[in-house]
Amino acid sequence: MSAIAALPRSARIGARLSLGWAYLFSGAMVLFSLFPVYWVLATSLKSKRDGLASPPLWIFDPTVANYLKLWTHETFRHTFLNSMIVTSAGVSLSLAIAVPAAYAIVRMKVRGRDIVGVWLILAYMLPEFLFVLPMFSLYQWTGLYDTHAGLALMYQVHVLPLSIWLLSSFFREIDPAIDEAARIEGASHWQILTRIYVPCTMPGMVATAILNAIWIWNELAIALGLTFSKAQTVTLGVTSFRGYAALDWGAMTAASIIAIIPMLLFAIVAQRHIVKGLTLGAVKG
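Residues numbered from 1 in each chain as written. Predicted model: local features only at pLDDT ≥ 70, side-chain atom pairs only at ≥ 80, totals over all residues. Heavy atoms only, no water.

**Some words on the packing of aromatic side chains**
- For the structure shown, the criterion picks out 10 aromatic pairs.
- Both rings, one in Tyr-103 and one in Tyr-197, keep their centres 5.1 Å apart while their planes meet at 80 degrees; by these two values the pair is edge-to-face. Taken together, the positions of Tyr-103 in helix H5 (residues 74-107) and Tyr-197 in helix H11 (residues 189-200) put the pair 94 residues apart, joining distant regions of the chain.
- Under the relative-accessibility criterion, Tyr-103 is labelled buried at 2%. (Phe/Tyr/Trp six-rings, centres within 6.5 Å; stacked < 30°, edge-to-face > 60°. Helix = DSSP H or I, 4+ residues; strand = E, 2+ residues; numbered from the N terminus. Buried < 20%, exposed > 50% of the residue type's maximum accessible area, 1.4 Å probe, protein only.)

Okay, here's the thing in structure tokens:
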């Protein structure tokens, strides 16, 4: 605003109008994007009769009956726990592989590094269900079908390329002279990685972990193709309220809200790390 005050009067008016329209447009976009979430939340707080009313009711007596129904629904509780297990395992596995892989690509003389970079982007762009068809028979043969381990392992096809690509960009921001100084002191590559690179890029690693967790938690296609009952995730658990000839909209929307909450809270708590990690190295002194 101080910069606007320094402009001539006519220019100030135009700048304020432009700023006002920008705020108005941004606010409209926020409301537009949040309206589906509001509608799902409102439906989850309606009774069955109010939820099916036509035209839809904007004013109604809220009820938590749909949420109470969830915790007596064994399938949903089971799928929610499965998602917690698979997400934790998938994120841990992706970082355990991506951190040393990204370091090797950035700081070690690896043949075909450019080809690896192209492969990472191509693998990330391919649709998830493309990998399910050839892996279906293999998973049944190896016993990984409908297991937490099999699902977490299969998710690496998508999250691992993204993790390596992001962490490589973070690692490149560290001055190579630090590597040289550490090697002169006798440090091994593993010591350099764990004592220098990991602490210096911790915000970037947290941001990568959060992005992976959100994707794994919300994924549907792979879980649909490689699970049956034991390892079904919460995205499939939401659909368990669909009957043969009817939908329990109240319970389904309540399940959707419950499924959103863990990742929403996770993102809010780690928001500072996300912003810092995704802007790491964007501004250099």
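**Notes on the packing of H5 against H11**
- Where H5 contacts H11, the two axes come as close as 11 Å, and the packing angle between them is 105 degrees. Between H5 and H11, the interaxial angle falls into the category roughly perpendicular. Contact with H5, carried on its side by Val-99, Pro-100, Tyr-103 and Arg-107, involves His-189, Ile-192, Leu-193, Tyr-197 and Val-198 of H11 and no other residues of that element.
- In terms of residue class, the contact of H5 with H11 is made up of seven nonpolar, one polar and one charged. (Axes fitted to C-alpha atoms, helices over the stretch in contact; angles between N-to-C directions. Parallel < 35°, antiparallel > 145°, perpendicular 65-115°, else oblique. Contact = heavy atoms within 4.5 Å. Nonpolar A, V, L, I, M, F, W, Y, C, P; charged D, E, K, R; others polar.)

**With respect to the confidence of the model for the chain**
- On average, residues of the chain carry a pLDDT of 81, and 86% of them reach 70 or more.
- Across the chain, helix H8 (residues 148-154) holds the top mean pLDDT of 93, while helix H1 (residues 2-5) sits lowest at 54.
- Contacts for the low-pLDDT stretch residues 281-285, under 50 throughout, to residues beyond four places or in other chains number two contacts. (pLDDT = per-residue confidence, 0-100.)

**A closer look at the nonpolar core**
- Leu-70, Phe-76, Tyr-155, Ile-222 and Phe-241 are the most contacted members of the largest nonpolar core, which totals 33 residues.
- Listed by contribution, the elements that provide at least two residues to this core are helix H4 (65-70), H5, helix H7 (129-142), H8, helix H12 (202-218), helix H13 (221-226), helix H14 (234-238) and helix H15 (249-269).
- Examining the composition of this core, we find that eight residues originate from one element, H15, more than from any other.
- Beyond its immediate chain neighbours, meaning those up to four positions away, Tyr-155 contacts Val-86, Trp-215, Ile-216, Glu-219, Ile-222, Ala-223 and Thr-233.
- If you look at the next biggest cluster of nonpolar residues, it comprises 22 residues, including Tyr-103, Leu-120, Leu-160 and Leu-167. (Core = buried A, V, L, I, M, F, W, Y, C linked by side-chain atoms within 4.5 Å.)

**Re the environment of Arg-107**
- Relative to the assigned elements, Arg-107 resides in helix H5.
- A sequence separation of 65 residues divides Arg-107 from Arg-172, and the C-alpha atoms of the two residues are 8.3 Å apart.
- Non-local contacts of Arg-107, meaning those with residues more than four positions away in its chain, are made with Phe-171, Arg-172, Ile-174, Asp-175, Pro-176, Asp-179 and Tyr-197.

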